[in-house]
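Examination of the molecular architecture
So you can see what is in the structure, the chains are spelled out below.
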Amino acid sequence: MRAKTHLTVLLQRHLAAMNLPWPAKAAIEAPREKSFGDLAANVALLLGKEAGKSPRDLAEVLALSLRNDRAVSSATIAGPGFINVTFSPAFWQETIGQVEEAPETFGSSHVGSGKKVQVEYVSANPTGPLHIGHGRGAAVGDSLVRLLRFAGYTVRTEYYINDAGRQMRLLGLSVWLRVRELAGQNVAWPEDWYRGEYIIDIAKKMLAEDPALAALPDEQGVDRCFEHAMQSILDGIKKDLADFRVEHEVWFSERGLVAGGAVEKAFERLHAAGYSYERDGALWFRTTAFGDDKDRVLRKSDGSLTYFASDIAYHNDKFNRGFDHLVDIWGADHHGYVPRMRAAIAALGKDPQQFDVILVQLVNLLKGGEQIAMSTRAGQFETLADVMTEVGADASRFMFLSRKSDSHLDFDLELVKQRSLDNPVYYVQYAHARICAVLRKAGERGVFLPPRTDESSWALLAQDAELKLMRQMDRFEDVVESAALNLAPHHISHYLMETAGELHSYYAAHQVLGAGDDALTRARLGLLRSAGTVIARGLSLLGVTAPDSM
RNA sequence: GCGCUGGUAGCUCAGCUGGAUAGAGCAACAGGCUACGAACCUGUAGGUCCGGGGUUCGAAUCCCUGCCAGCGCGCCA
């Protein structure tokens, strides 16, 4: 980032001196091949086009003035209007100093400029334990939150509890029937019911606490069971998320929202704006006015609310809480719901641009290549908690975050469990542990690291592998920024893979403790320490630990 | 039928707000520990970026169209 910024500033200054504007589509690119130099700019090409001058002449002039800059070691013309720029070793060496001076904040950015963002994620119905699909949403959401905060946003996190509606009624009924069954009564099972083991556990526990429970009338029994079951399941969800290092600051209840009259308030707004009408005894929302293919029901003819109705009220409430931007993380199977929600937001007089949905694709859970089917209602699934105990939070988080969220993900328990190369988290963690091992060994041998701000020692680091590592470190802020702006935490894991690669290459090519020169050894120790800092910082954005040893 | 998402190396995937010669890991092949951690490194091989049009100095990336795959189209949540 520093390199890109520096080159941009330089070019702008030289162009201004020549009375030329900064072209609108200027692109400064990181190199793909060594021969391209450190950075390439297409400024001359674009300017030539815009100002009607020869790109080659412009490039010549720009390259000439760039060569006069202390930080630039070469600037060459490549192709019509491209300039390849190589920075001097001194320029890259400064990167170490920047990491060393601010190890906690290196790479952080101000693109967020304090904007208030709310991220709502997981929000699974409390009808059963979290499974691995929820885990992916949790990992993506949590990492995004860490990322946005690091990029300068003010972020609040929230879990929306769907504690009203039919599914919850069904949960209460399922537990209630188990209670009666356990009490020796004959029960008839409805078609849709929750048949997981955990339902029986809850029923058993309730019966143990109150043996007279089964004698209650159905209505009361279902209510009691529902309240108890939901609380117990919710407690389990909170524990699972905590074990997965995921936190929600606010747990928002749908029931509370409805009881507070928020739905009626939202209806009034829609009505005042002319977007709702009555038909067939139901209340409708004219979503077709916003491009939806049919209008949607808000209040059913039996007087009860649709899920959509309370969701509209919920998002209205979120906007009214003063957020500049809302991010929802949903399962990809809800994608059809997005246009409807956007329509609602527009109808409420809010800006749909300030609302983003990240769709997280389903996780295909495998065990040694064999697919495991998952269904909450049928009670067959691998819970997130089970996966945690089998493979741990680090490996599963990294796996979830190594692919963009809207692509399918094969999660093979056997593979993730293995400490094999199929499992890149260890490659990155190993790089960090390796650095720590060398620093430890240095201490044992009485070799002391240079002070964090000792610029003169960095000048000794001019090997190719060293400069490449510094250049990679310099990119960190850039990666953070683009990952935050694109709401794409997986960029971080890819960056970490590359960084670890540079570190391992360097490590294999050059001795640190055995460099044969005390000053050089100390300088290299400084480089390792700063590289370790960057890796640890990146891992922390994924919520993955950076172990000192493995 | 309509819509959303995807189609990139043998496999799993990055890259997609247009930039130069399209990348990584795994698998394959050939090498490297008497050196700070070999959970590592070096090298080789591997491509019609699904097909076809278009936009322009330039397209994996944007537009149109066809094919394939997954998902969604309730007064369910």
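You'll find the structure just up there.
How each quantity is defined
Along each chain, numbering runs from 1 in the same order as the chain's sequence is written. Whichever chain is written first is A, and whichever ligand is written first is 1; the rest continue in order. In keeping with the predicted nature of the model, local features appear solely for residues at pLDDT of at least 70, side-chain atom pairs appear and are counted solely at 80 or more, and the whole-chain, interface and lining totals rest on all residues. Water and hydrogen atoms were dropped before computing side-chain values, which therefore reflect all heavy atoms in the structure. Going along the chain from the N terminus, every DSSP run of H or I of four or more residues is numbered as a helix, and every run of E of two or more is numbered as a strand. Any two rings among Phe, Tyr and Trp, with Trp reduced to its six-membered ring, count as a pair given centres within 6.5 Å; such a pair is stacked if its planes are under 30 degrees apart, edge-to-face if over 60, and tilted if neither. Relative accessibility thresholds used throughout: buried, under 20% of the residue-type maximum; exposed, over 50%; partly exposed, between the two (1.4 Å probe, protein chains only). For every element, the axis is a line fit to its C-alpha atoms; helices are fit only across the contacting stretch, and the angle between N-to-C directions ranges from 0 to 180 degrees. Here roughly perpendicular refers to angles of 65 to 115 degrees, roughly parallel to angles under 35, roughly antiparallel to angles over 145, and oblique to all remaining angles. Note on contacts: a residue pair is in contact if any heavy atoms of the two residues lie within 4.5 Å. Any residue outside Ala, Val, Leu, Ile, Met, Phe, Trp, Tyr, Cys, Pro, Asp, Glu, Lys and Arg is labelled polar, Gly included; the first ten of those are nonpolar and the last four are charged. Both site types are read off a 1 Å grid over the protein atoms alone. A 1.4 Å probe that fits but cannot get out defines a cavity, while an open set with protein on both sides within 12 Å along at least five of seven lines defines a pocket; lining residues have an atom within 4 Å of a point. Grid points are joined across faces, edges and corners, and a volume is the space filled by probe spheres set on the points. Strands pair, by our definition, only if DSSP identifies at least two bridges between them.

Quick look at unusual backbone geometry
- Phi at Asn19 takes a positive value of approximately 60°, unusual for a residue other than glycine.
- Tracing the chain through its elements places Asn19 in the loop between helix H1 (2–17) and strand S1 (28–29).

A closer look at the packing of aromatic side chains
- With the rule as written, the count across this model stands at 20 aromatic pairs.
- Ring centres 4.2 Å apart and planes at 20° place the aromatic pair Phe87 and Phe91 in the stacked group. Of the two residues, Phe87 and Phe91, both sit in the buried class.
- An aromatic cluster of three or more residues is present, and its members are Phe285, Tyr307, Phe308, Trp330, Tyr337 and Phe355.

Considering the packing of helix H6 (residues 166–182) against helix H8 (residues 218–243)
- One can describe the packing of H6 onto H8 by two numbers: an axis separation of 7 Å at closest approach and a directional angle of 110°. In terms of orientation, H6 and H8 fall into the roughly perpendicular class. Contacts between H6 and H8 involve Met168, Arg169, Leu171, Gly172, Leu173, Val175, Trp176, Val179 and Arg180 on the former and, on the latter, Asp218, Glu219, Gly221, Val222, Asp223, Cys225, Phe226, Ala229, Met230 and Ile233.
- Among the residues forming the contact of H6 with H8, the class breakdown is twelve nonpolar, two polar and five charged.

Notes on the layout of surface pockets
- Of the voids in this model, the largest pocket is the one considered here, and its volume is about 1,500 Å³.
- Along its surface, the largest pocket is lined by 50 residues, and Ser123, Ala124, Asn125, Asn162 and His334 are the ones closest to its centre.
- Those elements that place two or more of their residues in the lining of the largest pocket are helix H5 (132–150), H6, helix H9 (254–259), helix H11 (307–320) and strand S11 (325–331).
- Each residue belonging to the lining of the largest pocket can be placed in one class, and the counts come to 21 nonpolar, 20 polar and nine charged.

Regarding the side chain of Asp240
- With respect to the helices, strands and loops of the structure, Asp240 is situated in helix H8.
- Apart from residues no more than four positions distant in its own chain, Asp240 is found in contact with Leu130 and Ala385.

Remarks on the sheet that holds strand S7 (residues 250–253)
- Across the sheet, which stays open at both edges, the five strands sit in the order S7-S6-S5-S11-S12 with parallel pairing between neighbours. Each end of this open sheet is capped by a strand with a single partner; those strands are S7 and strand S12 (355–360). Averaged over all pairs of adjacent strands, the angle between their axes in this sheet comes to 25°, without regard to strand direction.
- As defined by bridge partners, strand S5 (residues 116–120) adjoins S11 across four bridges and the pair is classed as parallel. From the neighbouring strand, Val119 faces S11, where its bridge partner is Val327.
- Seen against the sheet, helix H12 (residues 338–347) touches S11 and S12 and runs at an angle of roughly 165° to S12.

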